[in-house]
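# Observations on the three-dimensional arrangement
Chain by chain, the residues:
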Amino acid sequence: MSEPTRAELFSSALSERLERVADIAAGGAIGSFAAAADELAEAEVLLTGWGCPPITAEVLDAAPNLLAVVHAAGTVKTFVDPVVFERGIAVSSAAAANAVPVAEFALAAIVFAGKRAFRHRDWYRTSHVKRPLPGAPVIGNYGTTIGLVGASRTGRLVLERLRGLDVDVLLSDPYVDEVDAARLGARLCDLKTLFAQSDVVSLHAPLLPETERLVTAELLAAMPDGAVLINTARGGLVDQVALERECESGRIDAVLDVTDPEPLPADSPLFRLANVFVTPHLAGAMGNEVRRLGEAAVAELERLAAGQSMVHAIRAEDFGRIA
């Protein structure tokens, strides 16, 4: 990782914990493997962060003592070559820590969506009238139906937080059965049922070849009039053209922290629609939340130093289907 990334991730207290369990490369943060041949030759663990260059077979050849890769951020798919798993090197990610602020953001979006707060903000700004927007859809969250697509790390955290609301919860996930769904506080159903019966749909699935454009024009059309789609996962999960069409009609609302493409072109209709609330991919760890990722990585290194297994290790068989 770069030196600025290291400074963002690790407070002075975290840096002290790190130095108690690891000998850090003398040059500090390494931005390029090619320029760190001596450090690689000795390295037993690579502590990685945003912007990490690819860890390929050539890198592993230069690091014969490597035992583990500990990533102080979310996905590792952008830089970890499958050969890392083939050579028996353990890989850990702070994705679970990064899921916390995303779940918090999603829950807030669900609550605001129930109140149609974003539509009412614009209505109040122009009308200066202290009353709900005439003809607005469902106002409130009591007894509404929330549909979650994906029981991922983030999805499960959202499910936990939804227990504090008086709502019914639907869940669609091919890796969850009815018993697991009930334990999570939801009723399992297929995607079409979920979209057709939910007042608010929140997406928490990974973007994989089989989930690309998962939310089709047909599913969007099945949403009730006045329903809300929330996407804090990946923009590629949704048929963007169909979403724009449904939102431009005014039939549904959307809260979008991610889009496809990202960033949106300046002339995108989503920027000018009162029923669409767009944010610049900020649900994940930002500001002081980044320290949570650094803490997770240091805790993994402390376990390694104590001869324990890493808590957030990624199984080789799961690598192909993680976000």
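Report on the accompanying structure. (Residues numbered from 1 in each chain as written. Predicted model: local features only at pLDDT ≥ 70, side-chain atom pairs only at ≥ 80, totals over all residues. Heavy atoms only, no water.)

## Here's the deal with the packing of aromatic side chains
By the definition in use, this model includes 2 aromatic pairs. When the centroid spacing of 5.8 Å and the interplanar angle of 35° are considered together, the rings of Phe 112 and Phe 118 count as tilted. Consider the rings of Phe 118 and Phe 277, whose centres lie 4.1 Å apart with planes at 15°: the pair is stacked. Residue Phe 118 is located in helix α7 (residues 117–127), and its partner Phe 277 is located in strand β10 (residues 276–278); the two are separated by 159 residues in the primary sequence. What makes Phe 118 buried here is its relative accessible area of 16%. One aromatic cluster is present, built from ring pairs that chain together Phe 112, Phe 118 and Phe 277. (Phe/Tyr/Trp six-rings, centres within 6.5 Å; stacked < 30°, edge-to-face > 60°. Helix = DSSP H or I, 4+ residues; strand = E, 2+ residues; numbered from the N terminus. Buried < 20%, exposed > 50% of the residue type's maximum accessible area, 1.4 Å probe, protein only.)

## A short note on the nonpolar core
Formed by 28 residues in total, the largest nonpolar core has its most connected members in Phe 195, Leu 203, Leu 220, Leu 229 and Leu 243. The contact partners of Leu 203, leaving out residues within four places of it in the chain, are Val 149, Phe 195, Val 215, Leu 229, Ile 230, Asn 231, Thr 232, Ala 233, Leu 237 and Val 238. Within the second largest apolar cluster, 27 residues are counted, among which are Ala 106, Leu 159, Ala 186 and Val 228. (Core = buried A, V, L, I, M, F, W, Y, C linked by side-chain atoms within 4.5 Å. Contact = heavy atoms within 4.5 Å.)

## Brief notes about the pattern of salt bridges
Oppositely charged side chains may form a pair once their charged atoms are brought near each other. For the coordinates displayed, the defined rule picks out 14 salt bridges. The residue Asp 180 makes a salt bridge to Arg 183 at a minimum N-O spacing of 3.7 Å. You can see Asp 180 and its partner Arg 183 sitting in helix α9 (residues 178–183), 3 residues apart, about one turn around the helix. Residue Arg 272 is joined to Glu 248 by a salt bridge in which the shortest nitrogen-to-oxygen separation is 3.2 Å. Of the two residues, Arg 272 sits in the loop between β9 (253–256) and β10 while Glu 248 sits in helix α12 (residues 240–248), which places them 24 residues apart along the sequence. A cluster of three or more residues bridged by salt bridges with shared partners is formed by Arg 17, Glu 295 and Glu 302. (Salt bridge = Lys/Arg side-chain N within 4 Å of Asp/Glu carboxyl O.)

## Examining helix α2 (residues 12–21)
Listing the buried residues of α2 in full gives Leu 14, Ser 15 and Leu 18. Looking straight down α2, one finds its buried side chains confined to an arc of 100°; they lie on one side. Along α2, the residues that are exposed and aim more than 90 degrees away from the buried face are Ser 12 and Arg 20. Buried-residue contacts for α2 involve α1 (3–9), β1 (45–48) and α13 (290–305). (Arc of directions from axis to C-beta.)

## Examining the environment of Ala 242
Within the fold, Ala 242 resides in helix α12. As a C-alpha pair, Ala 242 and Val 215 span 27 residues in sequence and 9.3 Å in three-dimensional space. Discounting residues that sit within four places of it in the chain, Ala 242 has contacts with Ala 217 and Leu 220.

## Topic: α7
All of the buried residues along α7 are Phe 118, Arg 119, His 120, Asp 122 and Trp 123. For α7, the elements touching its buried residues are α6 (95–115), β9 and β10. Backbone geometry just downstream of α7 places His 128 in the positive-phi region, at approximately 60°.

## Structural notes on the sheet that holds strand β7 (residues 200–203)
A sheet is described by the order of its strands in space; here 7 strands give the open sequence β6-β5-β4-β7-β8-β9-β10, paired in parallel fashion. Each edge of the open sheet is held by one strand with a lone partner, namely β6 (187–188) and β10. Where β7 meets strand β8 (residues 228–231), 4 bridges bridge the pair, whose relative direction is parallel. Among the inter-strand pairings, Val 201 is bridged to a residue of β8, identified as Leu 229. Running at roughly 160° to strand β4 (residues 145–149), helix α8 (residues 153–162) makes contact with β4 and β5 (168–172) of the sheet. (Pairing = 2+ DSSP bridges. Axes fitted to C-alpha atoms, helices over the stretch in contact; angles between N-to-C directions.)

## Re the side chain of Ser 92
Position of Ser 92 relative to the elements: it lies in strand β3 (residues 90–93). Side chain to side chain, Ser 92 and Glu 300 meet in a polar contact 2.5 Å long. Sequence-distant contacts of Ser 92, defined by excluding residues within four places in its chain, comprise Val 69, Val 70, His 71, Val 76, Glu 300, Met 310, His 312 and Ala 313. (Polar contact = N/O pair within 3.5 Å; in protein donor to acceptor, adjacent residues only side chain to side chain.)

The values are spatial; any link to function lies outside them.
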